[in-house]
Amino acid sequence: MSKVKVGLVQMSCTADKETNLQKAMAKIREAAAKGAQIVCLQELFTSLYFCDEEDYDNFKLAEAIPGPSTDELSVVAAELNVVIIASLFEKRAQGLYHNTTAVLDADGKYLGKYRKMHIPDDPGFYEKFYFTPGDLGYKVFKTKYANLGVLICWDQWYPEAARITALMGAEILFYPTAIGWAHTQDLPTNTEQYNAWQTIQRSHGVANGVHVVSVNRVGVEAGVKFWGGSFVANPFGTVIYQASHDDEEVIVQELDLTETDSYRTHWPFLRDRRIDSYQPITKRLIDED
């Protein structure tokens with residue numbers, strides 16, 4: 001399809017998993033009523049952002065994928081004829097967990113999952129305590145409406161991840177995310193951090209000639225104000241929609257996927273890549289001959 005309508009669900013969460021799931025499904029319905037064909041939910045939408053602390057009880061939030069949440073979402077996807085991108089806490093086996101996004105096609109079929117590759121460990125974001133790094137590689141999902149590339153939050157900072165996913169045929173890069181400001185930070189620091197977060201993702205759109213859709217949560221949890229600011233950028237990095245930093249929103253934005261060919265033709269970055277010169281990128285640091 002040359003044009004597709006994408007829905008972004010930016011919402012706050014509670015400590016009750018089922019309440020969050022039902023809320024998300026209601027907002028998917030709202031997006032579909034506005035014409036959305038693909039709906040992306042934020043990172044770990046069935047719970048509060050539990051990685052603010054290292055607590056073994058939080059492992060109880062995890063589930064199999066496919067599993068209970070994808071089963072319920074599949075019914076909604078088929079009913080509404082929408083693709084759903086759902087970020088969940090995956091229990092792969094006893095003692096083995098991932099930060100994972102499942103993709104459900106418009107007929108409700110489970111298409112597969114992407115496991116977050118880059119795992120942060122910062123104050124208030126202790127993800128290495130919970131998540132094993134992804135081992136499925138980068139993924140593109142061929143849905144009814146478009147070929148989707150899905151990356152997750154901390155993956156946003158890595159141009160290598162966006163490049164590989166785009167080279168695999170992604171027409172749109174989706175980033176479910178959970179990121180915010182510490183209460184102890186001042187306004188200039190907060191502004192600078194948000195701008196950096198948005199800029200790096202917009203740059204992935206420019207470098208690869210694809211649309212970028214980033215979906216973040218809102219609300220105050222523990223010592224963090226999640227900054228919302230979900231946005232859609234075109235293949236030249238222009239922000240065509242940006243959500244509030246404070247409010248829940250259900251956004252539907254039409255994307256013209258034919259723009260990729262135009263941008264890539266006029267700014268042929270893929271043509272001019274010197275793939276023969278990139279071998280050093282596989283080193284941790286180029287500090288030795």
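Residues numbered from 1 in each chain as written. Predicted model: local features only at pLDDT ≥ 70, side-chain atom pairs only at ≥ 80, totals over all residues. Heavy atoms only, no water.

Asks: Even after reading the chapter, I still don't get unusual backbone geometry, so can you show me in this structure?
Replies: Backbone geometry follows two general trends: most residues other than glycine have a negative phi, and most peptide bonds adopt the trans configuration. Across the junction of I65 and P66, the peptide omega takes the value 0 degrees, indicating a cis bond. Positive phi is not limited to glycine here, since N81 has a value of about 60 degrees. N81 sits in the partly exposed class, given a relative accessible area of 32%. (Buried < 20%, exposed > 50% of the residue type's maximum accessible area, 1.4 Å probe, protein only.)

Asks: Hey, could you run me through the side chain of N208 in this one?
Replies: Take N208: it is sitting in helix 4 (residues 187–208). Setting aside residues no more than four positions away along its own chain, N208 makes contact with A162, R163, A166 and R264. (Helix = DSSP H or I, 4+ residues; strand = E, 2+ residues; numbered from the N terminus. Contact = heavy atoms within 4.5 Å.)

Asks: Help me understand the side chain of S47, please; the structure alone is not making it clear to me.
Replies: In this structure, S47 sits in the loop between strand 2 (38–41) and helix 2 (68–80). Setting aside residues up to four positions removed in sequence, S47 forms contacts with C13, T14, N20, L61 and R217.

Asks: Looking at this structure, I do not really get the environment of S203. What am I missing?
Replies: In this fold, S203 is placed in helix 4. The exposure class of S203 is partly exposed, given its relative accessible area of 31%.

Asks: How should the environment of A170 be read in this particular structure?
Replies: With respect to the secondary-structure elements, A170 resides in the loop between helix 3 (159–167) and strand 8 (172–176). By relative accessible area, which is 4% here, A170 ends up buried. Linking A170 and S277, residues 107 residues apart in sequence, is a C-alpha distance of 24 Å. Setting aside chain neighbours within four positions, we find A170 in contact with V140, N147, L148, G149, T165 and V210.

Asks: I keep staring at the packing of helix 1 (residues 17–33) against helix 2 and nothing clicks. Help me out?
Replies: The angle between the axes and the distance between the axes are what describe a pair of packed helices. At their nearest, the axes of helix 1 and helix 2 sit 11 Å apart, and the two run at 15 degrees to each other. Taken as axis vectors, helix 1 and helix 2 run roughly parallel relative to one another. In the crossing of helix 1 with helix 2, the sense of the turn from one axis to the other is right-handed. Residue-level inspection shows K17, E18, L21, Q22, M25, I28, R29 and A32 of helix 1 in contact with helix 2, the latter providing S69, E72, L73, V76, E79 and L80. Residues that form the contact of helix 1 with helix 2 fall into these classes: 7 nonpolar, 2 polar and 5 charged. (Axes fitted to C-alpha atoms, helices over the stretch in contact; angles between N-to-C directions. Parallel < 35°, antiparallel > 145°, perpendicular 65-115°, else oblique. Left-handed = near helix turned anticlockwise from the far one by under 90°. Nonpolar A, V, L, I, M, F, W, Y, C, P; charged D, E, K, R; others polar.)

These figures capture arrangement, not role.
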